[in-house]
Amino acid sequence: MGEKLLMKGNEVIAEAAIRAGCRHYFGYPITPQTEIAHYFAKKMPEVGGTFIQAESEIAAINMVYGAAGAGARVMTSSSSPGISLKQEGISYASGAELPAVIVNIVRCGPGLGGILPAQCDYFQAVKGGGHGDYKMVVLAPCSVQELYELTVEAFNIADKYRILAMIMGDGILGQMMETVEFRDKEEIYEADKSSWATVGTRMERDHNVITSIYIDPEVLERHNQKLQAKYRLIEENEVRCEVYNCEDADVIVAAFGTVARIVKNVIKMAAKEGIKVGLIRPITLWPFPVKVFEKYAEVPKAFLSVELNAGQMVEDVRLSVNGKRPVYFHGRMGGMIPTQQEILDKIKEILK
Amino acid sequence: MSQQEIIIAGFGGQGILSAGRLLAYAGMLEGKNVSWLPSYGPEMRGGTANCHVIISDDPVGSPILNSATALIVMNGPSLDKFENLVVKDGLIIADSSLVQRKPNRNDVKYSGIPATQIASDMGNSTYACIILLGKLLGSTGIVSKENFENALKKVLPEKYHHMIPDEMKALEIGMKY
């Protein structure tokens, strides 16, 4: 590991992408993630890369489609309303099996909403915000160091499976500064893209075609079956999850991203009062750590999902716990952040 | 002390966010775990700016502060807003050139320093927040003077390094005030 640096989350995402070999970024500014574009605008020319501030989010995602189709490592980033605009392109790129990384530094909605932190795009990210039976790998970091590591990871996963990978954070992660240590050299998954990408035929083979249109229903069903088989493989291989303090826990809290950090403080507070609280922190929101919840399903008296939304991940927690224990929910919306005390109060109420 | 939680608040343009960043950087150079979180909400536009800094022996949990061991304020509204978040026996440092009143609390330590006046007399009013940080360093030993100087070298672009001796002078004024 190299020197310890104090950097802003958004800047670290961009730096990580460059270190992962991304040389193409297309985006459109929106708070609270604009520093990502700033950083690329400054750094891409220095590394021989391309930075384009597109005319819109829709243009940017279609530029991503083009660059990914040509075999390049490529990224776009935005915040919630901008990610909504990109959904058509996300569905098309998923249908065409294009690898790329999309960052969503989530803000509160619906509509223009506000610019403060939220996790209200969980459904959109993991259940498919665009049309069709597709999945994206969704990674949810909880620290600046993890923003770095998971961004590199996202590019590798995207290339390995020919899939879109999303980094989902919020304004706190994007805006905060924290210590980060970069590795001297990244481990980069070197994918041979020549069999499908439009990298030039040299007049030696037929054209590779990047498309998501399959008019023949039998062919389209086979294409969908192939996609689904790939998704099952990813569910098997790519689940990432942190399990903290869960053995003998009275209550296990499910939380991701920023909220998980707050919960870790709650765990300390609760311990002082003799209450044992555990944390399951999904790092991949899709594939969801179903087996981890299954493993701990009968350990606590109850589960509590804490989220910055009206109750989204809690549905996946309930499906995974599968009725073995009650699953409660506590959420804040509109950019409000739950305090440690209010989460602890909720835990006590559950245990009453 | 295992964890120090500092809120620095004032008007946009006073160097509030930079001061917090310097403090966090110095904390990191001390080998501590640190976080720096700016306010980035709509209140920044022409209004108050603030940042939350945590310097801790343990990994930092939530970077959002619900309480503070020390508060540095550079305008009246910031004192109004954050005074009650300071823990009992915590520290409030105010730029008394700009903050007209004293804290209402009597269970906290208070230092009023006419930092903007002193900095203007030095010829650069942006040193005001450094003077206030000096008071924080002097009162709490949160980071060493050496690491603060090292942080200045890391954070400031090279073209401003000629200012570092004056910044350190400002820091010492605060430390001794």
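About the criteria used
Residues numbered from 1 in each chain as written. Chains lettered and ligands numbered in written order. Predicted model: local features only at pLDDT ≥ 70, side-chain atom pairs only at ≥ 80, totals over all residues. Heavy atoms only, no water. Helix = DSSP H or I, 4+ residues; strand = E, 2+ residues; numbered from the N terminus. Rg over C-alpha atoms; globule rule 2.2 N^0.38 Å. Buried < 20%, exposed > 50% of the residue type's maximum accessible area, 1.4 Å probe, protein only. Contact = heavy atoms within 4.5 Å. Buried area = accessible area lost by both parts, 1.4 Å probe. Salt bridge = Lys/Arg side-chain N within 4 Å of Asp/Glu carboxyl O. Polar contact = N/O pair within 3.5 Å; in protein donor to acceptor, adjacent residues only side chain to side chain. Core = buried A, V, L, I, M, F, W, Y, C linked by side-chain atoms within 4.5 Å. Domains from an automatic or database assignment. Phe/Tyr/Trp six-rings, centres within 6.5 Å; stacked < 30°, edge-to-face > 60°. Pairing = 2+ DSSP bridges. Axes fitted to C-alpha atoms, helices over the stretch in contact; angles between N-to-C directions.

Check the secondary structure of chain B and you find six helices and six strands. Starting at the N terminus and walking to the C terminus, you meet the elements of chain B as β-α-β-β-β-α-β-β-α-α-α-α. Computed over its C-alpha atoms, the radius of gyration of chain B comes to 15 Å, within 12% of the 16 Å expected for a compact globule of 177 residues. Seen through its principal axes, chain B has C-alpha atoms that stretch 40 × 40 × 35 Å. Counting the 177 residues in chain B, one finds 54% classified as buried. Within chain B, contacts between residues separated by at least 24 positions form 54% of all contacts whose residues are at least 6 apart in sequence.

In this complex, chain A contributes 23 residues to the contact, which on the side of chain B involves 19 residues. Sorting the residues of chain A by area buried against chain B places Leu6(A), Met177(A) and Arg261(A) first, and these three jointly supply 30% of that buried surface. There are one salt bridge connecting chain A and chain B. Linking Glu3(A) and Lys154(B) is a salt bridge whose minimum nitrogen-to-oxygen distance equals 2.6 Å. Across the chain A-chain B interface, the total number found is four residue pairs in polar contact (both at pLDDT 80 or more). Sorting elements by how many residues they give to the side of chain A that touches chain B places strand 1 (residues 4–8) of chain A first, with four residues.

Now for the nonpolar core. Formed by 120 residues in total, the largest nonpolar core has its most connected members in Phe40(A), Met75(A), Met168(A), Val253(A) and Ile347(A). The dominant element in this core, judged by the number of residues it contributes, is helix 7 (residues 144–161) of chain A, at ten residues. Lining this core are residues from two domains, each supplying at least three of them: domain 1 (4–199 + 225–237) and domain 2 (241–351) of chain A. Here Phe40(A) is in contact with Ala14(A), Ala17(A), Ile18(A), Tyr25(A), Pro45(A), Phe51(A) and Met75(A), once residues within four sequence places are set aside. Ranked by size, the runner-up nonpolar core spans 47 residues in total, among them Leu6(A), Met28(B), Leu136(B) and Ala170(B).

Residues and elements named next belong to chain A. Applying the stated criterion to the full structure yields eight aromatic pairs over all chains. Between the aromatic rings of tyrosine 122 and phenylalanine 256, the centroid separation amounts to 5.9 Å while the plane-to-plane angle is 40 degrees, which identifies the pairing as tilted. Here tyrosine 122, found in helix 6 (residues 122–127), pairs with phenylalanine 256, found in the loop between strand 10 (251–254) and helix 10 (258–272); they are 134 residues apart in sequence, far enough to count as distant. Residue classification places tyrosine 122 among the buried positions, given a relative accessible area of 0%. Owing to a relative accessible area of 2%, phenylalanine 256 belongs among the buried residues under this scheme. Residues tyrosine 148 and phenylalanine 182 carry aromatic rings whose centres are separated by 4.7 Å and whose planes lie at 80 degrees to one another, so their mutual orientation is edge-to-face. Of this pair, tyrosine 148 sits in helix 7 while phenylalanine 182 sits in the loop between strand 8 (177–181) and helix 9 (217–237), placing them 34 residues apart in sequence. Each member of the pair, tyrosine 148 as well as phenylalanine 182, carries the same accessibility label: buried. Joined through ring pairs, the aromatic side chains of Tyr25, Phe40 and Phe51 make up one cluster.

This part covers the pairing of strand 3 (residues 48–56) of chain B. Residues and elements named next belong to chain B. Judged by how many residues are buried, strand 3 sits mostly within the fold: nine of nine residues are covered. With burial as the criterion, each face of strand 3 is covered, one bearing Thr48, Asn50, His52, Ile54 and Ser56 and the other bearing Ala49, Cys51, Val53 and Ile55. As judged from the nine bridges shared by strand 1 (residues 3–11) and strand 3, these two strands associate in the antiparallel manner. In the strand pairing of strand 3, isoleucine 6 is matched with valine 53.

Residue and element names in this part refer to chain A. The strand order 3-2-4-5-7-6-12 describes an open sheet built from seven strands, whose pairing is mixed. The two strands at the open ends of the sheet, each matched to only one other strand, are strand 3 (50–53) and strand 12 (284–286). With strand direction ignored, the average angle separating the axes of adjacent strands in the sheet is 20 degrees. Inspection of the sheet shows strand 6 (residues 137–139) paired to strand 7 (residues 164–170) by three bridges, in the parallel sense. Following the sheet pairing, valine 137 is matched in strand 7 by alanine 165.

Here we come to the pattern of salt bridges. Residue and element names in this part refer to chain A. Throughout the structure, instances matching the rule amount to 29 salt bridges over all chains. Put simply, glutamate 15 and arginine 19 hold a salt bridge, and the shortest N to O gap is 2.7 Å. Taken as a pair, glutamate 15 and arginine 19 lie in helix 1 (residues 9–19) at a separation of four residues, close to a single helical turn. Here glutamate 15 falls in the buried class, since its relative accessible area comes to 11%. Taking relative accessible area as the criterion, arginine 19 reaches 29% and is therefore assigned partly exposed.

For the rest of this paragraph, the subject is the sheet that holds strand 6 (residues 109–113) of chain B. Strand order across the open sheet formed by eight strands is 1(A)-8(A)-2(B)-3(B)-1(B)-4(B)-5(B)-6(B), with mixed pairing between neighbours. Sheet topology places strand 1 of chain A together with strand 6 of chain B at the edges, where each strand pairs with a single neighbour. Direction aside, neighbouring strands of the sheet carry axes that sit 20 degrees apart on average. The sheet contacts of helix 4 (residues 128–140) of chain B involve strand 1, strand 4 (68–73), strand 5 (86–95) and strand 6 of chain B, and relative to strand 5 of chain B the element is tilted by about 145 degrees.

Our next topic: the environment of Ser143(A). Residue and element names in this part refer to chain A. Mapping serine 143 onto the fold places it in the loop between strand 6 and helix 7. Measuring from C-alpha to C-alpha, the distance between serine 143 and isoleucine 13 comes to 11 Å, with 130 residues separating the pair along the chain. Serine 143 has contacts with Leu173, Glu178 and Arg261, leaving out every residue within four places of it along the chain. Side-chain polar atoms of serine 143 contact the backbone nitrogen of glutamate 146, separated by 3.1 Å.

So, on to unusual backbone geometry. All names here are of chain A. Residue proline 110 is reached from glycine 109 by a cis peptide bond, and omega for that bond is 0 degrees. In this model, tryptophan 286 is joined to proline 287 through a cis peptide bond whose omega is 0 degrees. Note that proline 287 resides in the loop between strand 12 and helix 11 (290–296). The backbone of methionine 203 sits at a positive phi, close to 60 degrees, despite the residue not being glycine. Inspection of the secondary structure assignment puts methionine 203 in the loop between strand 8 and helix 9.

Keep in mind these values describe shape, not function.
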